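Take a look at the letters that make up each chain.
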Amino acid sequence: MDNYHLSPSADGWELKKAGAERASKKAATKQELMNALTDFFDGKTASVKIHKADGSIEEERTYPRSADPRRTKG
């Protein structure tokens, strides 16, 4: 499973794979980028840490939702 971070950048918001130099996707607003996540991760399994404007982590999402490890018993 790939790990990504959705975080603020100098010119808006960016989605960046952990350890990558360049952003995978950029948008002017956080909401615009969040709306594009489902299509971006179609056919992929990934975890996304969504940051607040101050850089702290707001939430973590798993795509697709069926791959979320917190949903399994045990």
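Residues numbered from 1 in each chain as written. Predicted model: local features only at pLDDT ≥ 70, side-chain atom pairs only at ≥ 80, totals over all residues. Heavy atoms only, no water.

### Here's the deal with the nonpolar core
1) Next: Within the largest apolar cluster, 13 residues are counted, with the highest numbers of intra-cluster contacts made by Tyr 4, Leu 6, Leu 15, Leu 33, Leu 37, Phe 41 and Val 48.
2) Next: Elements represented by at least two residues in this core include exactly β1 (2–9), β2 (12–17), α1 (30–40) and β4 (46–51).
3) Next: Discounting chain neighbours no more than four positions away, the residues touching Leu 37 are Leu 6, Leu 15 and Tyr 63. (Core = buried A, V, L, I, M, F, W, Y, C linked by side-chain atoms within 4.5 Å. Buried < 20%, exposed > 50% of the residue type's maximum accessible area, 1.4 Å probe, protein only. Helix = DSSP H or I, 4+ residues; strand = E, 2+ residues; numbered from the N terminus. Contact = heavy atoms within 4.5 Å.)

### Brief notes about the pattern of salt bridges
1) Next: For the structure on display, the rule yields five salt bridges.
2) Next: Its salt-bridge partner being Asp 2, residue Lys 17 comes within 3.6 Å of it at the nearest N-O pair. With Lys 17 in strand β2 and Asp 2 in strand β1, this pair connects stretches of sequence that are 15 residues apart.
3) Next: Since its relative accessible area comes to 32%, Lys 17 is described here as partly exposed. (Salt bridge = Lys/Arg side-chain N within 4 Å of Asp/Glu carboxyl O.)

### Focus: the packing of aromatic side chains
1) Next: In total, this model carries four aromatic pairs according to the counting rule given.
2) Next: Ring centres of Tyr 4 and Phe 40 lie 6.1 Å apart, and the angle between their planes is 85°; on these two criteria the pair is classed as edge-to-face. Pair noted here: Tyr 4 is in strand β1 and Phe 40 is in helix α1, with a separation of 36 residues, a long-range link.
3) Next: Between the aromatic rings of Tyr 4 and Phe 41, the centroid separation amounts to 5.0 Å while the plane-to-plane angle is 70°, which identifies the pairing as edge-to-face. (Phe/Tyr/Trp six-rings, centres within 6.5 Å; stacked < 30°, edge-to-face > 60°.)

### A look at the pairing of β2
1) Next: Note: β1 against β2, six bridges, orientation antiparallel. Note on β2: the bridge partner recorded for His 5 is Lys 16.
2) Next: Between β1 and β2, which pair antiparallel one after the other, the connecting turn spans two residues.
3) Next: As paired elements, β2 and strand β3 (residues 25–27) share three bridges and run antiparallel to each other. Bridge assignment links Glu 14 to a residue of β3, and that residue is Lys 26. (Pairing = 2+ DSSP bridges.)

### Examining the environment of Asp 54
1) Next: Locating Asp 54 in the fold gives a position in the loop between β4 and β5 (57–63).
2) Next: Polar side-chain contacts of Asp 54 include one of 2.7 Å to the side chain of Ser 56. (Polar contact = N/O pair within 3.5 Å; in protein donor to acceptor, adjacent residues only side chain to side chain.)

### Here's the deal with the pairing of β5
1) Next: With six bridges joining them, β4 and β5 adopt antiparallel strand pairing. The residue of β5 that forms the bridge with His 51 is Ile 57.
2) Next: Where β4 folds back onto β5 in an antiparallel hairpin, the turn is made up of five residues, including Gly 55, whose phi is positive at roughly 95°.

Limitation: the analysis is restricted to geometry and does not speak to function.
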